[in-house]
Amino acid sequence: MLPVAKIATGFVVAFGALRFNGFDLLFDPVGWALCASGLFQLRRSADDAFGRAGFFAVAMACISLVATIWFGASHDQAGSFIAHVIGIAHTAGALIATWLSVDAVIRQIRPSGDLSRAAVLDVLRWTVAGLGALGALAGYGYADLGPVVLIAWFAAILALIVVLYRSASLPCLAPPRGPVANPLPPGGLD
């Protein structure tokens with residue numbers, strides 16, 4: 001599977017929900033791990049945009065795993081506070097990981113001259129992040145936006161995934177052929 005297709009598939013698994021007896025068959029940590037795998041395949045150096053986004057996707061896989069385990073158990077009032085914090089970290093982390101992942105793809109597409117595709121991805125990442133933040137605020141009771149924001153966010157994430165799948169075979173998004181350059185000298189830092 002092409003790296004950008006892995007990223008898009010990771011978004012499908014992470015943001016999608018296929019429930020069976022109350023259990024989500026699309027396991028979020030697997031989605032974020034797929035996303036991280038695709039991002040790490042595109043890394044050109046240890047500290048480029050794909051590497052940073054990949055590390056954030058790994059962090060999201062861990063946060064998603066904790067959220068899945070935590071929300072599956074019953075807790076007291078202190079546990080309710082922890083669940084609230086985990087929920088905020090999960091929501092904010094998902095939006096940031098999506099932003100960073102799409103930003104890395106845009107940074108790779110733009111120099112190749114495909115400015116219209118880069119612009120579409122840019123608009124979609126702003127839309128996903130903005131509507132996701134509004135939806136999170138509404139979920140915590142700060143606004144009553146109704147289902148319109150949720151539907152618009154779902155349409156934006158769906159459009160983002162489709163554009164990523166369609167971009168997967170671009171030559172500029174092919175994995176590097178050689179080993180990833182290490183910014184540290186062979187002896188490490190002294």
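Residues numbered from 1 in each chain as written. Predicted model: local features only at pLDDT ≥ 70, side-chain atom pairs only at ≥ 80, totals over all residues. Heavy atoms only, no water.

**So, the overall build of the protein chain**
Logical step 1: When helices and strands are tallied, the protein chain shows six helices and two strands.
Logical step 2: Listing every helix and strand of the protein chain by position from the N terminus yields α-β-β-α-α-α-α-α.
Logical step 3: For the protein chain, the residues scored as buried account for 37% of the 190 residues in total.
Logical step 4: A separation of at least 24 residues holds for 66% of the contacts in the protein chain among residues at least 6 apart in sequence. (Helix = DSSP H or I, 4+ residues; strand = E, 2+ residues; numbered from the N terminus. Buried < 20%, exposed > 50% of the residue type's maximum accessible area, 1.4 Å probe, protein only. Contact = heavy atoms within 4.5 Å.)

**Describing the packing of aromatic side chains**
Working definition: an aromatic ring pair is given by the centre-to-centre distance plus the angle between the planes.
Logical step 1: Summed over the entire model, instances satisfying the criterion amount to six aromatic pairs.
Logical step 2: Considering the side-chain rings of Phe11 and Trp32, the 6.1 Å spacing of their centres and the 75 degrees angle between planes classify their relative orientation as edge-to-face. Residue Phe11 is found in helix α1 (residues 3-15), and its partner Trp32 is found in helix α2 (residues 28-41); the two are separated by 21 residues along the sequence.
Logical step 3: With 5.1 Å between their ring centres and 65 degrees between their planes, Phe40 and Phe55 make a pair best called edge-to-face. Here Phe40, found in helix α2, pairs with Phe55, found in helix α3 (residues 49-71); they are 15 residues apart in sequence, far enough to count as distant.
Logical step 4: Its relative accessible area of 48% is what places Phe55 among the partly exposed residues. (Phe/Tyr/Trp six-rings, centres within 6.5 Å; stacked < 30°, edge-to-face > 60°.)

**Points about the packing of helix α5 (residues 115-139) against helix α6 (residues 147-167)**
Logical step 1: Following both chains from N to C, one finds α5 and α6 inclined at 150 degrees, their axes separated by 9 Å at the closest point. Overall, the two elements α5 and α6 adopt an arrangement that is roughly antiparallel. Handedness of the α5/α6 crossing: left-handed. Every residue of α6 that contacts α5 at Arg117, Val120, Leu121, Leu124, Thr127, Val128, Leu131, Gly132, Leu134 and Gly135 is listed here: Val149, Ala152, Trp153, Ala156, Ile157, Ala159, Leu160, Val163, Leu164, Arg166 and Ser167.
Logical step 2: Of the residues that constitute the contact of α5 with α6, the class distribution is 15 nonpolar, four polar and two charged. (Axes fitted to C-alpha atoms, helices over the stretch in contact; angles between N-to-C directions. Parallel < 35°, antiparallel > 145°, perpendicular 65-115°, else oblique. Left-handed = near helix turned anticlockwise from the far one by under 90°. Nonpolar A, V, L, I, M, F, W, Y, C, P; charged D, E, K, R; others polar.)

**Points about a nonpolar patch on the surface**
Logical step 1: On the surface, a nonpolar cluster with roughly 580 Å² of combined accessible area is contributed by Ile88, Leu134, Leu137, Tyr140, Tyr142 and Leu145.
Logical step 2: Its relative accessible area of 39% is what places Leu134 among the partly exposed residues. (Patch = residues over 30% accessible without salt bridge, like charges linked within 9 Å, V, L, I, M, F, W, Y side chains within 5 Å. Areas by Shrake-Rupley, 256 points an atom, 1.4 Å probe, with all protein chains shown as cover. Salt bridge = Lys/Arg side-chain N within 4 Å of Asp/Glu carboxyl O.)

**Remarks on the nonpolar core**
Logical step 1: Among the nonpolar cores identified, the biggest contains 42 residues, and Phe11, Trp32, Ile109, Leu121, Leu160, Leu164 and Leu173 are the most heavily contacted of them.
Logical step 2: The contact partners of Ile109, leaving out residues within four places of it in the chain, are Asp114, Arg117, Ala118, Leu121, Ser167, Leu170, Cys172 and Leu173. (Core = buried A, V, L, I, M, F, W, Y, C linked by side-chain atoms within 4.5 Å.)

**Observations regarding the confidence of the model for the protein chain**
In low-pLDDT regions, the fine details of the predicted coordinates are not to be read closely.
Logical step 1: Of all residues in the protein chain, 84% attain a pLDDT of 70 or more, and the chain-wide mean is 84.
Logical step 2: Element-level mean pLDDT values for the protein chain span from 59 in strand β2 (residues 23-24) up to 93 in α1. (pLDDT = per-residue confidence, 0-100.)

**Quick word on the pattern of salt bridges**
Logical step 1: Tallied over the full model, the rule gives four salt bridges.
Logical step 2: We note a salt bridge from Arg125 to Asp122, for which the minimum N-O separation is 2.7 Å. Placement of the pair is Arg125 and Asp122 together in helix α5, with a separation of three residues, close to one helical turn.
Logical step 3: Judged by its relative accessible area of 22%, Asp122 is partly exposed.
Logical step 4: When salt bridges with common partners are traced through the structure, they connect Asp103, Arg107, Asp122 and Arg125 into a single cluster.

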